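An overview of the molecular structure
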Amino acid sequence: MTAVRRAAPVLVAALLLLVCAGRAGATGYRYWSFWERTGDHWTYATQGPASLRPDDGTAQGFRFTVGADAADAGRPRGTADFDTICADTPAKSGSKRVALVLDFGTAADAPSGEIPPERRTVCARVPSDASTADALAAVAGPLRYDTNALLCAIAGYPHKGCGEQVSTDREPTAAAPESGSSESESESDSGPSLGLPIGVGVVALLAGAAIWQSRRRRDASG
């Protein structure tokens, strides 16, 4: 009983740390995330669409999402690849083809009063030296940027707002799988969530240390 009493304050402190960590991760940003498709997986782009110049045969995606970082951002849904999207667009000298997936996100991620359009795919034929932003402007206008060149809207969505901070502390919304999408793809593309394992590890580690210290004191007094 004495060991438990001595360990209790340490356990309470560890739990408070875990709660605070959870609260710290409860805010994110509403924005257009940018992705590149490699094989059958989406990878968060390391360059912005204005600076990236894709090769012919590239598939890229944009997803309107709410997230705190790349691991938390929603990926474009569906399984469409370059061969599917650009099947009716033959190669042509002096130009390149870029397959684009435009996922306008869910109602839960939409700004107040706005309804996200249906997800769409499009094959952009652009000059060989064109950037992804050029390809996007050719097939998905109007685009809207802020004063810092941050992409705010694709095809006019959303009508206002740009990268605003929002709360992510909300109940999860279950959505029916899209045609052509699969549950396994969603799981394999999900970013890692490390908060819970780390929190449990901290609690276990501190609890063990407290019990060890309590036993040491009891042996010394005995």
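The structure under discussion appears in the preceding block.
Calculation criteria
Residues numbered from 1 in each chain as written. Predicted model: local features only at pLDDT ≥ 70, side-chain atom pairs only at ≥ 80, totals over all residues. Heavy atoms only, no water. Helix = DSSP H or I, 4+ residues; strand = E, 2+ residues; numbered from the N terminus. Buried < 20%, exposed > 50% of the residue type's maximum accessible area, 1.4 Å probe, protein only. Arc of directions from axis to C-beta. Contact = heavy atoms within 4.5 Å. Phe/Tyr/Trp six-rings, centres within 6.5 Å; stacked < 30°, edge-to-face > 60°. Disulfide = S-S within 2.5 Å. Salt bridge = Lys/Arg side-chain N within 4 Å of Asp/Glu carboxyl O. Core = buried A, V, L, I, M, F, W, Y, C linked by side-chain atoms within 4.5 Å.

Section: unusual backbone geometry
- Residue Pro142 follows Gly141 across a cis peptide bond; omega there is 0°.
- Considering the arrangement of structural elements, one finds Pro142 in the loop between helix H3 (132-139) and strand E6 (144-145).
- You will see that Ala149, though not glycine, has its phi angle at about 65°, which is positive.
- You can see Ala149 is positioned in the loop between E6 and strand E7 (151-153).
- Look at Ala149 and you get exposed, because its relative accessible area is 57%.
- The phi torsion at Ala155 lies on the positive side, around 55°, for a residue other than glycine.
- Judged by relative accessible area, Ala155 falls into the partly exposed class, the value being 23%.

Things to note about H3
- Within the span of H3, buried status applies to Thr132, Ala133, Ala135 and Leu136. Down the axis of H3, the sector holding all buried residues measures 160°, keeping them to one side.
- Buried residues along H3 sit in contact with strand E1 (27-38), strand E3 (58-67), strand E4 (95-103), strand E5 (120-127), E6 and E7.

Considering the packing of aromatic side chains
- Applying the stated rule across the entire model yields six aromatic pairs.
- Residues Phe34 and Phe62 carry aromatic rings whose centres are separated by 4.8 Å and whose planes lie at 15° to one another, so their mutual orientation is stacked. Note that Phe34 is positioned in strand E1 and Phe62 in strand E3, a separation of 28 residues in sequence.
- By relative accessible area, Phe34 is classed as buried at 6%.
- Assessed through its relative accessible area of 0%, Phe62 is described here as buried.
- For the pair Phe64 and Tyr157, a centre-to-centre distance of 5.4 Å together with 75° between the ring planes defines the contact as edge-to-face.

Overview of the environment of Ile154
- Within the secondary structure, Ile154 is located in the loop between E7 and strand E8 (165-167).
- For Ile154, a relative accessible area of 0% corresponds to the buried category.
- Between the C-alpha atom of Ile154 and that of Phe64, which follows or precedes it by 90 residues, the distance is 9.2 Å.

Observations concerning the state of the cysteines
- What the rule picks out here adds up to two disulfides.
- Between the sulfur of Cys86 and that of Cys123 lies a disulfide, 2.0 Å long from S to S. The S-S bond linking Cys86 to Cys123 shows a torsion near 105°; that makes this disulfide right-handed. Of this pair, Cys86 sits in the loop between helix H2 (82-85) and E4 while Cys123 is found in strand E5, placing the two residues 37 residues apart along the sequence.
- Here Cys152 is linked by a disulfide to Cys162, with a sulfur-sulfur distance of 2.0 Å.

As for the environment of Lys160
- Along the chain, Lys160 turns up in the loop between E7 and E8.
- According to the relative accessible area criterion, Lys160 is exposed, its value standing at 59%.
- Lys160 sits 16 residues away from Arg144 along the chain, and the two C-alpha atoms are 9.1 Å apart.
- Filtering out sequence-adjacent residues up to four positions away, Lys160 remains in contact with Glu114 and Arg144.

Side note on the pattern of salt bridges
- Inspection of the entire model under this criterion finds four salt bridges.
- Glu164 serves as the salt-bridge partner of Arg30, at 3.1 Å between the closest nitrogen and oxygen. Taken together, the residues span a long stretch of sequence, with Arg30 in strand E1 and Glu164 in the loop between E7 and E8 at a distance of 134 residues.
- Shared partners join several salt bridges into a network, and the residues in it are Arg63, Arg77 and Asp103.

Description of the nonpolar core
- Judged by nonpolar contacts, the single largest core of 21 residues is most densely connected at Trp32, Phe62, Leu100, Leu102, Leu136 and Ile154.
- Secondary-structure elements contributing two or more residues to this core are E1, E3, E4, E5 and H3.
- With residues near it in sequence (within four places) discarded, Ile154 still touches Trp32, Phe62, Leu102, Phe104, Leu136, Ala140, Pro142 and Leu143.
- With 12 residues, the next largest nonpolar core counts Trp42, Phe82, Cys86 and Ala99 among its residues.

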